[in-house]
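# Coordinate analysis (summary)
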Amino acid sequence: MVDVLTCNDFKLQIIYLLKSSIAICLTAIFAIACAPTTNAPRVGVGLAAQEAALQRELAVKEKIRLNQRLNDVAQPIMVSNTQMCGKLVSRYIGVSFLTRDLLSNELKSAYEKVYGIRDNPTVVLVAKGAPAEGVLQWGDVITHMDGKTVPKGARGIKFISKSLKDKKTAVPVVVTIKRNAETLNVQVVPLIACDSPVYVAELDEVNAMADGKSILVTRGMMRLISTDEELAAIIGHELAHNSRRHLQAKQGNAVLGTIIGAAISVAIGVDVTRIGTSAGAVAHSHGFETEADYVGLYHAARAGFEIENMPNFWRRFAAENPKAFGFKGGSHPSSAKRFLVLEATVKEIKNKQELGVELIPEEKRASALAKGTS
Ligand SMILES: [Zn+2]
């Protein structure tokens, strides 16, 4: 084994040795040992500033790319599970917006340059296959919805969201946009879909969360995922927490939407550690996790995703992140049990698919529910 001394270790030794009489000599050695000795190229301040601006633009593009991917995979899941989402449905157009006031100072100019973000809600992404695809595009600035003026700032995004939620039938929406120098009126025909917006959270931990209304998937989780099917498994699981109203069952409506309040900012890098942990802790109990695994596979299968390999992803996830979701066991399902339940669920769903039976999770009988048994 090799011991490697850092400069700090070395300083401690110097302090110790200062008390003895050979300190001066060792101080000289310290200065040589801890200073760089090669002649790296020097760069000017101006060039460094240009490079920093470029790197900010790359960072912004990467954030939106991850959110785009998440929204692309979520789209068919939200649209195909309306029947299972109960009251958690609304008109869906598949668009994410940002406004200038939501941008951090660090990334403001990069967002403005790359995506043309203005004071009014500005489109940053349109989900693949969503109703707004081919109608709206990134950089479109929304000024009116159905003839009503959209407020500036984050209030404008809430206004759009509320105006979509107000009606439960898919009546067309007339959107007035500024695109380059033109003002255009375009029509979007929404779908009725599960109302659980998805966001990438700027966290390195491998995790995903649901707060009763929205879904967060961490950047760490996005890195672990290699296929759309794996991402669908995550979204299906989190949607199941929301569609089965796990948070409502635990804590009532008061805590709902703790993530969604911050979610608009999540796409631009707000730290959601505290919010996510509090919401996540509520949902993670043994029974709810098993139900989210079970129902989540149905959500993914109904959207047309191949579920065959989904249990394997959870196996890999357990290996990568043994503490997440309470994998230690105790009040939470162990990863072993979880894997086996998922495998059995895959068989159940495949069997239904072969028989041409509608994909609806099996509900406990009322008598079993009353007794608290399965
Ligand atoms: Zn869960």
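Residues numbered from 1 in each chain as written. Predicted model: local features only at pLDDT ≥ 70, side-chain atom pairs only at ≥ 80, totals over all residues.

## Some details on the overall build of the chain
Rules: For helices the rule is a DSSP run of H or I covering at least 4 residues; for strands it is a run of E covering at least 2, with both sets numbered from the N terminus onward. For the exposure call, what matters is how many other C-beta atoms sit within 10 Å of a residue's own: 20 or more marks it buried, 12 or fewer exposed, and in between partly exposed, using C-beta atoms placed from the backbone. Whether two residues are in contact depends on their C-beta atoms, placed from the backbone: they are in contact if these lie within 7 Å.
Scanning the chain for helices and strands turns up 14 helices and 11 strands. For the chain, the residues scored as buried account for 39% of the 374 residues in total. Long-range contacts, defined as pairs at least 24 residues apart, comprise 69% of the intrachain contacts of the chain with a sequence gap of at least 6.

## Digging into the confidence of the model for the chain
The test is simple: Each residue carries a pLDDT value, the predictor's own confidence for that position, ranging from 0 to 100.
Looking at the chain, the pLDDT average stands at 81 and 76% of residues meet or exceed 70. When pLDDT is averaged over each helix and strand of the chain, the minimum, 43, is found for helix α9 (residues 260–266) and the maximum, 97, for strand β7 (residues 182–188). Low pLDDT (under 50) marks residues 253–282, which in the prediction has 73 contacts with non-local residues, meaning those over four places away or in another chain. Under a pLDDT of 50 for its full length, residues 327–331 has, in the predicted model, 10 contacts with residues more than four places off or in other chains.

## Comments concerning the environment of Ile215
When you line up the elements, Ile215 lands in strand β11 (residues 215–218). According to the C-beta neighbour criterion, Ile215 is buried, with 27 such atoms within 10 Å. Separated by 23 residues in the primary sequence, Ile215 and Glu238 have C-alpha atoms spaced 6.4 Å apart. Apart from residues no more than four positions distant in its own chain, Ile215 is found in contact with Ser196, Val198, Ala208, Ala210, Ile235, Glu238 and Leu239.

## Brief notes about the nonpolar core
Put simply, the test is: Core membership is restricted to buried Ala, Val, Leu, Ile, Met, Phe, Trp, Tyr and Cys residues, and these are joined into a nonpolar core through C-beta atoms within 7 Å. Just so you know, the domain bounds were taken from an automatic or database domain assignment.
Membership of the largest hydrophobic core comes to 79 residues, with the highest contact counts inside it found for Val217, Ala232, Ile235, Leu297 and Ala300. Mapping this core onto the domain boundaries places at least three of its residues in each of domain 1 (47–80 + 89–194) and domain 2 (198–371). The residues touching Ala300, leaving out its near neighbours within four places in the chain, are Ile77, Ala232, Ala233, Gly236, Phe305, Ile307 and Met310.

## A closer look at the packing of helix α3 (residues 45–80) against helix α4 (residues 108–115)
Put simply, the test is: Here an angle of 0 to 180 degrees is reported between the N-to-C directions of two axes, which are lines fitted to C-alpha atoms, with helices fitted over the stretch in contact. We call two directions roughly parallel when the angle between them is under 35 degrees, roughly antiparallel when it is over 145, roughly perpendicular when it lies between 65 and 115, and oblique otherwise. Helix crossings are classified by the rotation of the near helix relative to the far one: an anticlockwise turn of less than a right angle makes the crossing left-handed, while a clockwise turn makes it right-handed.
Here α3 crosses α4 at 70°, and the two axes come no closer than 9 Å. Looking at the two axes, α3 sits roughly perpendicular to α4. Judged by the twist between their axes, the crossing of α3 over α4 is right-handed. Residues Arg56, Glu57, Val60 and Lys61 of α3 lie in contact with α4, whose contacting residues are Ala110, Tyr111, Lys113 and Val114.

## Some thoughts on the sheet that holds strand β9 (residues 198–201)
The strands that make up a sheet are held in pairs by hydrogen bonds between backbone atoms, and each pair lies either parallel or antiparallel. Stated precisely, the cut-off is as follows: At least two bridges found by DSSP between two strands are what make those strands a pair.
Here we have 3 strands laid out as an open sheet, ordered β9-β11-β10, and mixed in their pairing. At either margin of the open sheet sits one strand with a lone partner, and together these are β9 and β10 (208–210). Neighbour-to-neighbour, the strand axes of the sheet open up by a mean angle of 20°, direction not taken into account. Of the pairings in the sheet, the one linking β10 to β11 comprises 3 bridges and is antiparallel in character. Across the sheet, Met209 pairs through a bridge with Leu216, a residue of β11. Against the sheet, α3 engages β9 and β11, with an angle of about 145° to β9. Of the strands in this sheet, β9, β10 and β11 touch helix α7 (residues 228–243), which is tilted by about 25° from β10.

## What about the packing of helix α12 (residues 310–320) against helix α13 (residues 335–355)?
For clarity, the threshold we go by: Under the convention adopted here, Pro, Cys and the residues Ala, Val, Leu, Ile, Met, Phe, Trp and Tyr are nonpolar, Asp, Glu, Lys and Arg are charged, and Gly plus all remaining residues are polar.
Where α12 contacts α13, the two axes come as close as 8 Å, and the packing angle between them is 170°. By the angle between their axes, α12 is roughly antiparallel relative to α13. For the pair α12 and α13, contact is made by Met310, Pro311, Trp314, Arg315 and Ala318 and by Ser335, Arg338, Phe339, Leu342, Glu343 and Val346, respectively. Per-class residue counts for the contact of α12 with α13 are 7 nonpolar, 1 polar and 3 charged.

## Description of helix α5 (residues 154–165)
Note the threshold: Any helix carries an expected span of 1.5 Å times its number of residues minus one. When we speak of the arc, we mean the arc of directions from the helix axis to the C-beta atoms.
For α5, spanning 12 residues, the distance from its first C-alpha to its last is 17 Å, which sits close to the expected 16 Å at 1.5 Å a residue. Restricting attention to buried positions, one finds in α5 the residues Gly156, Ile157 and Ile160. Buried residues of α5 fall within an arc of 105° about the axis and therefore sit on the same side. Exposed side of α5, more than 90 degrees from the buried face: Lys162 and Lys165 are the residues found there.

## A word on the pairing of strand β4 (residues 141–145)
Bridge count for β4 against strand β6 (residues 173–179) is 4 bridges, and the pairing is antiparallel. If you follow Ile142 over to β6, its bridge partner there is Ile177. Pairing of β4 with strand β5 (residues 148–149), which is carried by 2 bridges, proceeds in the antiparallel orientation. Counted as the bridge partner of His144 is Thr149 from β5. Linkage of β4 to β5, two consecutive antiparallel strands, is achieved through a turn of 2 residues, within which Asp146 is found at a positive phi near 50°.

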